[in-house]
Amino acid sequence: MSTVLHIIPTLESGGAETVLTRLVYELSSYKIKQVVLTLQGSKTDFNHQKVNQFAKVIHLKQSDFNVVHWLDNNPETKVIAWMYKPIVKAHLWASKSKASPEIYWNIRNSNFRYFQLFQRISLYGFGILSRFLQPHIIYCSYQAKKVHERFFFSRLSQSVIPNRWAKIKEDLPEISQPSTPTFLYVGRFDPMKGPKRLIRLFKEFAKNHPNVQLHIAGRGWTNKHIPESIIDKVTLLGNTPDIYEHYARASALLFTSYSEGYPNVLVEAMVSGLPIIAFEAGDSKLILKDYPFGHTLTSNASFINMMRKITTYPYSLQTRIAELSIQKEKLNFKKTAMEYHSFLLKN
(Lines give C-alpha, C1' and ligand atoms only; values in the text may rest on other atoms or scores of the structure.)
Protein backbone atom coordinates (compact mmCIF):
# COMPACT_ATOMS: atom_id res chain seq x y z
CA MET A 1 0.00 0.00 0.00
CA SER A 2 1.75 3.14 -1.20
CA THR A 3 -0.91 5.85 -0.94
CA VAL A 4 -4.25 6.47 0.72
CA LEU A 5 -6.56 9.08 -0.78
CA HIS A 6 -9.21 10.40 1.62
CA ILE A 7 -12.26 12.16 0.15
CA ILE A 8 -14.48 14.13 2.53
CA PRO A 9 -16.90 17.08 2.17
CA THR A 10 -14.97 19.47 4.47
CA LEU A 11 -12.47 19.52 7.32
CA GLU A 12 -14.77 21.31 9.74
CA SER A 13 -15.28 20.16 13.34
CA GLY A 14 -17.85 17.38 12.86
CA GLY A 15 -17.45 13.80 14.06
CA ALA A 16 -16.18 12.34 10.77
CA GLU A 17 -13.71 15.19 10.32
CA THR A 18 -12.37 14.68 13.84
CA VAL A 19 -11.83 10.98 13.21
CA LEU A 20 -10.16 11.58 9.85
CA THR A 21 -7.83 14.15 11.43
CA ARG A 22 -6.67 11.68 14.05
CA LEU A 23 -6.47 8.79 11.57
CA VAL A 24 -4.25 10.77 9.20
CA TYR A 25 -1.87 11.43 12.08
CA GLU A 26 -1.78 7.80 13.23
CA LEU A 27 -1.42 6.31 9.73
CA SER A 28 1.51 8.65 9.10
CA SER A 29 3.44 6.61 11.68
CA TYR A 30 3.05 3.63 9.32
CA LYS A 31 4.92 5.64 6.66
CA ILE A 32 1.84 5.74 4.45
CA LYS A 33 1.59 8.64 1.99
CA GLN A 34 -1.80 10.32 2.37
CA VAL A 35 -3.71 12.89 0.36
CA VAL A 36 -6.94 14.50 1.57
CA LEU A 37 -9.44 15.94 -0.91
CA THR A 38 -12.32 18.08 0.32
CA LEU A 39 -15.29 18.70 -1.95
CA GLN A 40 -16.36 22.01 -0.40
CA GLY A 41 -13.72 22.86 2.20
CA SER A 42 -11.17 25.63 2.47
CA LYS A 43 -8.02 26.53 4.40
CA THR A 44 -10.21 28.13 7.06
CA ASP A 45 -11.76 24.77 7.98
CA PHE A 46 -11.38 23.92 11.67
CA ASN A 47 -9.11 20.89 11.09
CA HIS A 48 -7.21 22.09 8.01
CA GLN A 49 -3.96 22.98 9.78
CA LYS A 50 -3.90 19.76 11.82
CA VAL A 51 -4.39 17.53 8.77
CA ASN A 52 -2.01 19.53 6.63
CA GLN A 53 0.88 18.63 8.94
CA PHE A 54 0.70 14.95 7.98
CA ALA A 55 -1.01 14.80 4.58
CA LYS A 56 -1.28 16.89 1.44
CA VAL A 57 -4.64 18.70 1.59
CA ILE A 58 -6.42 19.80 -1.59
CA HIS A 59 -9.67 21.76 -1.48
CA LEU A 60 -11.27 21.07 -4.84
CA LYS A 61 -13.45 24.19 -4.85
CA GLN A 62 -10.30 26.30 -4.72
CA SER A 63 -8.09 24.19 -6.96
CA ASP A 64 -7.79 22.94 -10.54
CA PHE A 65 -6.45 19.62 -9.28
CA ASN A 66 -7.24 16.81 -11.77
CA VAL A 67 -8.26 13.79 -9.71
CA VAL A 68 -8.49 11.39 -12.67
CA HIS A 69 -5.00 12.31 -13.89
CA TRP A 70 -3.66 11.87 -10.35
CA LEU A 71 -5.23 8.40 -10.05
CA ASP A 72 -3.71 7.42 -13.41
CA ASN A 73 -0.27 8.32 -12.06
CA ASN A 74 -0.80 6.63 -8.69
CA PRO A 75 -2.34 3.26 -9.62
CA GLU A 76 -1.70 1.62 -6.23
CA THR A 77 -3.86 4.18 -4.40
CA LYS A 78 -6.53 3.06 -1.96
CA VAL A 79 -9.45 5.51 -1.80
CA ILE A 80 -11.42 6.07 1.41
CA ALA A 81 -14.65 7.95 0.67
CA TRP A 82 -16.04 9.50 3.85
CA MET A 83 -19.86 9.64 3.61
CA TYR A 84 -22.25 9.43 0.69
CA LYS A 85 -21.40 12.29 -1.69
CA PRO A 86 -17.67 11.45 -1.65
CA ILE A 87 -18.63 7.82 -2.41
CA VAL A 88 -20.38 8.92 -5.62
CA LYS A 89 -17.46 11.17 -6.56
CA ALA A 90 -14.91 8.42 -5.92
CA HIS A 91 -16.61 5.99 -8.29
CA LEU A 92 -17.15 8.64 -10.98
CA TRP A 93 -13.45 9.54 -10.93
CA ALA A 94 -12.41 5.87 -10.83
CA SER A 95 -14.61 5.08 -13.85
CA LYS A 96 -12.72 7.69 -15.89
CA SER A 97 -9.28 6.57 -14.72
CA LYS A 98 -6.99 4.05 -16.38
CA ALA A 99 -6.23 2.71 -12.91
CA SER A 100 -8.64 0.57 -10.89
CA PRO A 101 -8.25 1.90 -7.35
CA GLU A 102 -9.64 0.00 -4.38
CA ILE A 103 -12.51 2.06 -2.99
CA TYR A 104 -13.61 1.96 0.64
CA TRP A 105 -16.99 3.33 1.68
CA ASN A 106 -16.67 4.95 5.09
CA ILE A 107 -20.22 4.96 6.50
CA ARG A 108 -20.80 7.41 9.37
CA ASN A 109 -24.60 7.44 9.76
CA SER A 110 -26.71 4.89 11.62
CA ASN A 111 -30.19 5.92 10.49
CA PHE A 112 -32.40 8.60 9.02
CA ARG A 113 -35.61 9.80 10.63
CA TYR A 114 -39.12 9.27 9.24
CA PHE A 115 -39.26 12.73 7.62
CA GLN A 116 -35.99 12.21 5.70
CA LEU A 117 -37.72 10.38 2.89
CA PHE A 118 -35.21 11.34 0.19
CA GLN A 119 -32.29 10.10 2.26
CA ARG A 120 -34.02 6.80 3.02
CA ILE A 121 -34.80 6.20 -0.65
CA SER A 122 -31.22 7.12 -1.53
CA LEU A 123 -29.97 4.41 0.84
CA TYR A 124 -31.72 1.79 -1.28
CA GLY A 125 -29.88 3.20 -4.28
CA PHE A 126 -26.53 2.99 -2.49
CA GLY A 127 -27.37 -0.52 -1.31
CA ILE A 128 -28.08 -1.74 -4.86
CA LEU A 129 -24.96 0.07 -6.11
CA SER A 130 -22.86 -1.68 -3.45
CA ARG A 131 -24.12 -5.08 -4.65
CA PHE A 132 -23.02 -4.17 -8.17
CA LEU A 133 -19.67 -2.51 -7.36
CA GLN A 134 -18.73 -4.66 -4.33
CA PRO A 135 -16.69 -1.98 -2.54
CA HIS A 136 -15.01 -2.48 0.80
CA ILE A 137 -17.20 -0.97 3.53
CA ILE A 138 -16.09 0.49 6.86
CA TYR A 139 -18.83 1.17 9.41
CA CYS A 140 -18.14 3.41 12.39
CA SER A 141 -20.67 1.55 14.55
CA TYR A 142 -22.54 -1.74 14.81
CA GLN A 143 -25.84 0.14 14.56
CA ALA A 144 -24.71 1.68 11.26
CA LYS A 145 -23.93 -1.79 9.90
CA LYS A 146 -27.27 -3.17 11.07
CA VAL A 147 -29.27 -0.33 9.53
CA HIS A 148 -27.45 -0.28 6.19
CA GLU A 149 -27.77 -4.01 5.72
CA ARG A 150 -31.54 -3.52 5.88
CA PHE A 151 -31.09 -1.36 2.78
CA PHE A 152 -29.32 -4.24 0.99
CA PHE A 153 -25.74 -3.05 1.44
CA SER A 154 -23.15 -5.61 0.34
CA ARG A 155 -21.80 -7.95 3.02
CA LEU A 156 -18.87 -9.23 0.97
CA SER A 157 -16.03 -7.11 2.40
CA GLN A 158 -16.85 -5.07 5.47
CA SER A 159 -15.62 -4.16 8.93
CA VAL A 160 -16.94 -2.27 11.95
CA ILE A 161 -14.17 0.03 13.20
CA PRO A 162 -15.29 2.15 16.18
CA ASN A 163 -13.99 5.71 16.46
CA ARG A 164 -12.94 5.39 20.11
CA TRP A 165 -11.19 8.50 21.49
CA ALA A 166 -10.37 10.57 18.41
CA LYS A 167 -10.09 14.09 19.82
CA ILE A 168 -7.17 13.27 22.07
CA LYS A 169 -5.80 15.75 24.60
CA GLU A 170 -2.74 14.42 26.40
CA ASP A 171 -3.06 16.58 29.53
CA LEU A 172 -6.69 16.58 30.58
CA PRO A 173 -7.73 19.36 32.98
CA GLU A 174 -8.40 18.47 36.58
CA ILE A 175 -12.07 17.69 37.14
CA SER A 176 -14.12 19.53 39.74
CA GLN A 177 -17.66 19.58 41.10
CA PRO A 178 -19.47 22.78 40.03
CA SER A 179 -20.95 24.87 42.84
CA THR A 180 -24.14 25.20 40.78
CA PRO A 181 -25.60 22.14 38.98
CA THR A 182 -24.38 22.56 35.40
CA PHE A 183 -25.35 20.35 32.49
CA LEU A 184 -23.27 20.29 29.32
CA TYR A 185 -24.45 19.67 25.76
CA VAL A 186 -21.93 19.26 22.93
CA GLY A 187 -23.17 19.30 19.35
CA ARG A 188 -24.05 21.57 16.45
CA PHE A 189 -27.62 22.80 16.01
CA ASP A 190 -29.01 20.01 13.83
CA PRO A 191 -32.44 18.32 14.05
CA MET A 192 -30.74 14.92 14.17
CA LYS A 193 -28.94 15.97 17.36
CA GLY A 194 -32.22 16.65 19.15
CA PRO A 195 -31.72 20.34 20.03
CA LYS A 196 -35.44 20.97 20.52
CA ARG A 197 -35.70 17.90 22.74
CA LEU A 198 -32.72 19.18 24.76
CA ILE A 199 -34.31 22.59 25.34
CA ARG A 200 -37.71 21.08 26.11
CA LEU A 201 -36.30 18.72 28.74
CA PHE A 202 -34.05 21.32 30.32
CA LYS A 203 -36.92 23.81 30.49
CA GLU A 204 -39.08 21.22 32.24
CA PHE A 205 -36.31 20.33 34.69
CA ALA A 206 -35.55 23.98 35.45
CA LYS A 207 -39.11 24.60 36.67
CA ASN A 208 -38.29 22.83 39.94
CA HIS A 209 -34.54 23.55 39.97
CA PRO A 210 -34.10 27.32 39.67
CA ASN A 211 -30.32 27.28 40.17
CA VAL A 212 -29.52 24.84 37.36
CA GLN A 213 -27.40 25.90 34.36
CA LEU A 214 -26.99 24.55 30.82
CA HIS A 215 -23.85 25.12 28.76
CA ILE A 216 -24.11 24.41 25.02
CA ALA A 217 -21.00 23.92 22.87
CA GLY A 218 -21.28 23.69 19.10
CA ARG A 219 -21.84 25.75 15.99
CA GLY A 220 -25.19 26.98 14.74
CA TRP A 221 -26.73 27.86 18.11
CA THR A 222 -28.09 31.38 18.67
CA ASN A 223 -30.18 33.02 21.38
CA LYS A 224 -33.27 32.71 19.20
CA HIS A 225 -33.18 28.96 19.87
CA ILE A 226 -33.52 29.54 23.62
CA PRO A 227 -36.92 30.36 25.19
CA GLU A 228 -37.07 33.62 27.12
CA SER A 229 -38.04 31.79 30.31
CA ILE A 230 -34.63 30.04 30.53
CA ILE A 231 -32.35 32.45 28.66
CA ASP A 232 -30.60 33.40 31.92
CA LYS A 233 -29.81 29.75 32.62
CA VAL A 234 -28.25 28.91 29.24
CA THR A 235 -24.72 29.77 28.07
CA LEU A 236 -23.82 29.34 24.40
CA LEU A 237 -20.13 28.48 24.12
CA GLY A 238 -19.93 28.29 20.33
CA ASN A 239 -17.34 26.13 18.58
CA THR A 240 -14.99 26.18 21.57
CA PRO A 241 -11.44 24.81 21.21
CA ASP A 242 -11.14 23.99 24.93
CA ILE A 243 -14.04 21.55 25.20
CA TYR A 244 -12.28 19.37 27.79
CA GLU A 245 -12.29 22.31 30.21
CA HIS A 246 -16.07 22.21 30.04
CA TYR A 247 -16.22 18.42 30.46
CA ALA A 248 -14.10 18.83 33.60
CA ARG A 249 -16.39 21.43 35.20
CA ALA A 250 -19.86 20.05 34.40
CA SER A 251 -22.26 17.95 36.49
CA ALA A 252 -23.24 15.72 33.56
CA LEU A 253 -23.34 15.53 29.76
CA LEU A 254 -26.80 15.53 28.16
CA PHE A 255 -27.02 13.51 24.94
CA THR A 256 -30.32 13.96 23.10
CA SER A 257 -29.60 12.75 19.55
CA TYR A 258 -32.19 10.87 17.53
CA SER A 259 -29.65 9.36 15.14
CA GLU A 260 -25.88 8.93 15.29
CA GLY A 261 -23.16 6.67 14.04
CA TYR A 262 -20.56 6.53 16.79
CA PRO A 263 -21.08 9.57 19.06
CA ASN A 264 -17.63 11.00 19.76
CA VAL A 265 -18.94 13.27 22.52
CA LEU A 266 -19.74 10.25 24.70
CA VAL A 267 -16.15 9.05 24.54
CA GLU A 268 -14.77 12.52 25.28
CA ALA A 269 -17.00 12.72 28.34
CA MET A 270 -16.00 9.22 29.47
CA VAL A 271 -12.27 9.96 29.45
CA SER A 272 -13.12 13.06 31.49
CA GLY A 273 -14.93 11.02 34.13
CA LEU A 274 -18.16 12.92 33.44
CA PRO A 275 -21.58 11.37 34.19
CA ILE A 276 -23.66 10.95 31.02
CA ILE A 277 -27.44 10.99 30.56
CA ALA A 278 -28.22 9.72 27.07
CA PHE A 279 -30.96 8.59 24.77
CA GLU A 280 -30.33 5.56 22.58
CA ALA A 281 -28.83 6.65 19.26
CA GLY A 282 -26.23 4.87 17.18
CA ASP A 283 -24.02 2.78 19.45
CA SER A 284 -24.67 4.92 22.55
CA LYS A 285 -26.06 2.00 24.59
CA LEU A 286 -23.11 -0.23 23.67
CA ILE A 287 -20.54 2.51 24.33
CA LEU A 288 -21.96 3.27 27.78
CA LYS A 289 -22.65 -0.35 28.72
CA ASP A 290 -19.64 -0.75 31.04
CA TYR A 291 -19.22 2.90 32.00
CA PRO A 292 -20.27 3.24 35.67
CA PHE A 293 -21.44 6.84 35.21
CA GLY A 294 -23.35 6.28 31.95
CA HIS A 295 -27.14 6.10 31.77
CA THR A 296 -28.92 5.20 28.52
CA LEU A 297 -32.63 5.98 28.66
CA THR A 298 -35.65 5.70 26.38
CA SER A 299 -38.23 8.17 27.73
CA ASN A 300 -38.40 11.86 28.60
CA ALA A 301 -39.61 11.07 32.12
CA SER A 302 -36.69 8.75 32.88
CA PHE A 303 -34.26 11.28 31.38
CA ILE A 304 -35.50 14.08 33.66
CA ASN A 305 -35.53 11.73 36.64
CA MET A 306 -31.85 10.89 36.02
CA MET A 307 -31.03 14.61 35.79
CA ARG A 308 -32.62 14.96 39.23
CA LYS A 309 -30.70 12.01 40.69
CA ILE A 310 -27.31 13.16 39.44
CA THR A 311 -27.74 16.71 40.74
CA THR A 312 -29.13 15.51 44.09
CA TYR A 313 -26.62 12.68 44.65
CA PRO A 314 -23.54 13.54 42.55
CA TYR A 315 -20.82 10.94 42.01
CA SER A 316 -17.76 11.55 44.14
CA LEU A 317 -14.68 13.09 42.55
CA GLN A 318 -12.59 10.16 43.81
CA THR A 319 -14.60 7.58 41.88
CA ARG A 320 -14.64 9.72 38.75
CA ILE A 321 -10.89 10.27 38.85
CA ALA A 322 -10.25 6.56 39.38
CA GLU A 323 -12.21 5.77 36.20
CA LEU A 324 -10.17 8.06 33.93
CA SER A 325 -7.17 5.79 33.33
CA ILE A 326 -9.45 2.82 32.66
CA GLN A 327 -11.39 4.66 29.96
CA LYS A 328 -8.30 6.23 28.36
CA GLU A 329 -6.78 2.78 27.85
CA LYS A 330 -10.01 1.14 26.75
CA LEU A 331 -10.75 3.87 24.19
CA ASN A 332 -7.21 4.38 22.87
CA PHE A 333 -7.46 5.53 19.24
CA LYS A 334 -4.31 3.62 18.30
CA LYS A 335 -6.52 0.51 18.32
CA THR A 336 -8.74 2.17 15.72
CA ALA A 337 -5.75 3.09 13.54
CA MET A 338 -4.44 -0.48 13.73
CA GLU A 339 -7.83 -1.82 12.62
CA TYR A 340 -7.92 0.60 9.67
CA HIS A 341 -4.39 -0.36 8.69
CA SER A 342 -5.15 -4.09 8.90
CA PHE A 343 -8.35 -3.75 6.85
CA LEU A 344 -6.57 -1.71 4.18
CA LEU A 345 -3.76 -4.25 3.94
CA LYS A 346 -6.09 -7.23 3.89
CA ASN A 347 -8.21 -5.96 1.02
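Going by the structure above, here's the rest.
Quick notes on the rules
For every chain, the first residue of its written sequence is number 1, and the numbers climb from 1 along that sequence. The predicted nature of this model means local features are confined to residues of pLDDT at least 70 and side-chain atom pairs, given and counted, to a pLDDT of 80 or more, with totals for whole chains, interfaces and linings taken over all residues. Side-chain figures throughout are based on the complete set of non-hydrogen atoms in the structure, without hydrogens or water. Secondary structure elements follow DSSP: runs of H or I of four or more residues count as helices, runs of E of two or more count as strands, with numbering from the N terminus. A pair of strands is considered paired only if DSSP assigns at least 2 bridges between the two. Axes, fitted as lines to C-alpha atoms, cover a helix only where it is in contact. Angles between the N-to-C directions of the axes lie from 0 to 180 degrees. Any two residues whose heavy atoms approach within 4.5 Å at even a single point are treated as in contact. Detection works on a 1 Å grid of protein atoms alone, calling trapped sets that fit a 1.4 Å probe cavities and calling open sets with protein on both sides within 12 Å along at least five of seven lines pockets, with lining residues defined by an atom within 4 Å of a point. Grid points are joined across faces, edges and corners, and a volume is the space filled by probe spheres set on the points. We call Asp, Glu, Lys and Arg charged. Ala, Val, Leu, Ile, Met, Phe, Trp, Tyr, Cys and Pro are nonpolar, and the rest, Gly among them, are polar. Any Phe, Tyr or Trp ring, taking Trp's six-membered ring, that has another such ring centre within 6.5 Å forms a pair; planes under 30 degrees apart are called stacked, those over 60 apart edge-to-face, and the others tilted. Under the scheme applied here, a residue whose accessible area is under 20% of the maximum for its type counts as buried, over 50% as exposed, and between as partly exposed, the area being computed with a 1.4 Å probe on protein chains only. Our definition puts a charge over a ring when NZ of Lys or CZ of Arg is within 6 Å of the ring centre and also within 35 degrees of the ring normal.

A. How the structure looks around unusual backbone geometry. The phi dihedral of Met83 is positive, around 85°, even though this residue is not glycine. One non-glycine residue, Gln134, lies in positive phi territory at about 50°. Note on placement: Gln134 falls in the loop between helix 5 (117–133) and strand 6 (136–139).

B. Structural detail: the sheet that holds strand 10 (residues 234–238). Taken together, the six strands give an open sheet; going across it, the order is 10-9-8-11-12-13, and neighbouring strands pair in parallel fashion. In the strand order of this sheet, the two ends are held by strand 10 and strand 13 (294–297), each with one partner. On average, each strand axis in the sheet is tilted by 20° relative to the strand beside it, whichever way the strands run. Here strand 12 (residues 276–279) pairs with strand 13 via four bridges, running parallel. Its bridge partner lying in strand 13, Ile276 is registered against Gly294. Helix-sheet contacts for helix 7 (residues 195–206) involve strand 8 (182–186), strand 9 (213–217), strand 10, strand 11 (252–255) and strand 12, and the interaxial angle to strand 9 is about 165°. Seen against the sheet, helix 11 (residues 300–312) touches strand 8, strand 11, strand 12 and strand 13 and runs at an angle of roughly 180° to strand 12.

C. Up close: the layout of surface pockets. Roughly 270 Å³ of internal volume is contained in the second largest pocket. Lining the second largest pocket are Tyr142, Pro162, Arg164, Tyr262, Met270, Asp283, Leu286, Ile287, Lys289, Asp290, Lys330 and Leu331. Looking at the lining of the second largest pocket, its residues break down into seven nonpolar, no polar and five charged.

D. Structural detail: the packing of aromatic side chains. This model, assessed by the stated rule, comprises 17 aromatic pairs. Aromatic side chains Phe65 and Trp70 sit 6.5 Å apart centroid to centroid with 50° between the ring planes, which places their arrangement in the tilted category. Take Phe65: its relative accessible area is 21%, and that puts it in the partly exposed class. Considering the side-chain rings of Tyr291 and Phe293, the 5.4 Å spacing of their centres and the 80° angle between planes classify their relative orientation as edge-to-face. No difference in accessibility class separates Tyr291 from Phe293, as the two residues are buried. One aromatic cluster in this structure is built from Tyr84, Trp105, Phe126 and Phe153. Sitting over the face of the ring of Tyr258, Arg197 holds its NZ or CZ atom 4.0 Å from the ring centroid. Geometry around Phe279 places Arg197 over its ring, the cationic atom sitting 3.7 Å from the centre.

E. Structural detail: the environment of Leu237. By the secondary structure assignment, Leu237 is in strand 10. Accessibility expressed as a relative area gives 23% for Leu237, which makes it partly exposed. Along the chain, Leu237 and Tyr185 lie 52 residues apart, while their C-alpha atoms are 10.0 Å from each other.

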